[in-house]
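Residue-level structural notes
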Amino acid sequence: VGQPPRDRALTRPARLPYPGPVQATVARFDAKSVSGDVVTDDGYVLPFGPEAFGTSGLRHVRPGQRLTVAVEGTGADCVVVTMRLETVGVVPTRRSLP
C-alpha cells in the first residue's frame, strides 16, 4: 500500500458524510507523535491524533491495517475521534464465552 496523495485531504466532504462507524485503512502512523492518517473506503484521507489512538486499546498500527473509525467535523475539520480493530456490520456467528 503506497502513500495516499496528500492533495486528496483537501477534498474532504463539505458535511459529515458518516452517520456512524466506517471502515478505513491506515495510510500513515508516526509512533513518536502517536498520530497519522487513515483512508476511508470513499477515498478521503482523514487525520487522527493521540486522543483517537488512545481509544483504540492498540499499541501500534501499521499502514494497510483495517480499522473501524468514527469521524467528527465538517470539511477540512473532519477528523477521526475513535478507532477500533473490528468490522462494521458483522454479527458473530456464535457467542463468545468468557
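These notes cover the structure that comes with them. (Residues numbered from 1 in each chain as written. Predicted model: local features only at pLDDT ≥ 70, side-chain atom pairs only at ≥ 80, totals over all residues. Heavy atoms only, no water.)

1. Observations concerning the nonpolar core
Among the nonpolar cores identified, the biggest contains 17 residues, and V38, L46, F48, V61, V69, V80 and M83 are the most heavily contacted of them. Every element with two or more residues in this core is listed here: β1 (22–30), β3 (45–48), α1 (50–54), β4 (66–72) and β5 (79–84). Of the residues forming this core, the biggest block, four residues, is contributed by β1. Once residues within four sequence positions are removed from consideration, M83 is found in contact with V38, F48, A52, F53, T55, S56, L67, T68 and V69. (Core = buried A, V, L, I, M, F, W, Y, C linked by side-chain atoms within 4.5 Å. Buried < 20%, exposed > 50% of the residue type's maximum accessible area, 1.4 Å probe, protein only. Helix = DSSP H or I, 4+ residues; strand = E, 2+ residues; numbered from the N terminus. Contact = heavy atoms within 4.5 Å.)

2. So, the packing of aromatic side chains
We describe a pair of aromatic rings using the distance from one ring centre to the other and the angle between the two ring planes. Going through the model one piece at a time under the given rule, you end up with two aromatic pairs. On the numbers, 6.2 Å between centres and 15° between planes, the contact of F29 with F48 is stacked. One end of the pair, F29, is in strand β1; the other, F48, is in strand β3, and 19 residues separate them in sequence. The pair F29 / F48 is uniform in exposure class, with both members buried. One aromatic cluster is present, built from ring pairs that chain together F29, F48 and F53. (Phe/Tyr/Trp six-rings, centres within 6.5 Å; stacked < 30°, edge-to-face > 60°.)

3. Some points on unusual backbone geometry
One can expect most non-glycine residues to show negative phi and most peptide bonds to be in trans. The backbone of V34 shows a phi angle near 50°, a positive value even though the residue is not glycine. Looking at where V34 falls in the secondary structure, it is placed in the loop between β1 and β2 (35–40). When its relative accessible area of 25% is taken as the criterion, V34 is described as partly exposed.

4. Overview of the pairing of β2
Most of β2 is tucked away, with five of its six residues classed as buried. What sits between the antiparallel neighbours β1 and β2 is a turn of four residues, in which V34 has the positive phi angle 50°. As judged from the four bridges shared by β2 and β3, these two strands associate in the antiparallel manner. Pairing of D37 across the sheet is with P47, part of β3. The hairpin formed by β2 and β3 contains four residues between the paired strands, and G43 there has a positive phi angle of roughly 95°. (Pairing = 2+ DSSP bridges.)

5. Quick notes on the sheet that holds β3
The sheet built from five strands is open, its strands ordered β3-β2-β1-β4-β5 with antiparallel pairing. With partners counted over all chains shown, the strands left at the sheet margins are β3 and β5, one partner each. The mean inter-strand angle of the sheet, taken between neighbouring strand axes irrespective of direction, is 45°. (Axes fitted to C-alpha atoms, helices over the stretch in contact; angles between N-to-C directions.)

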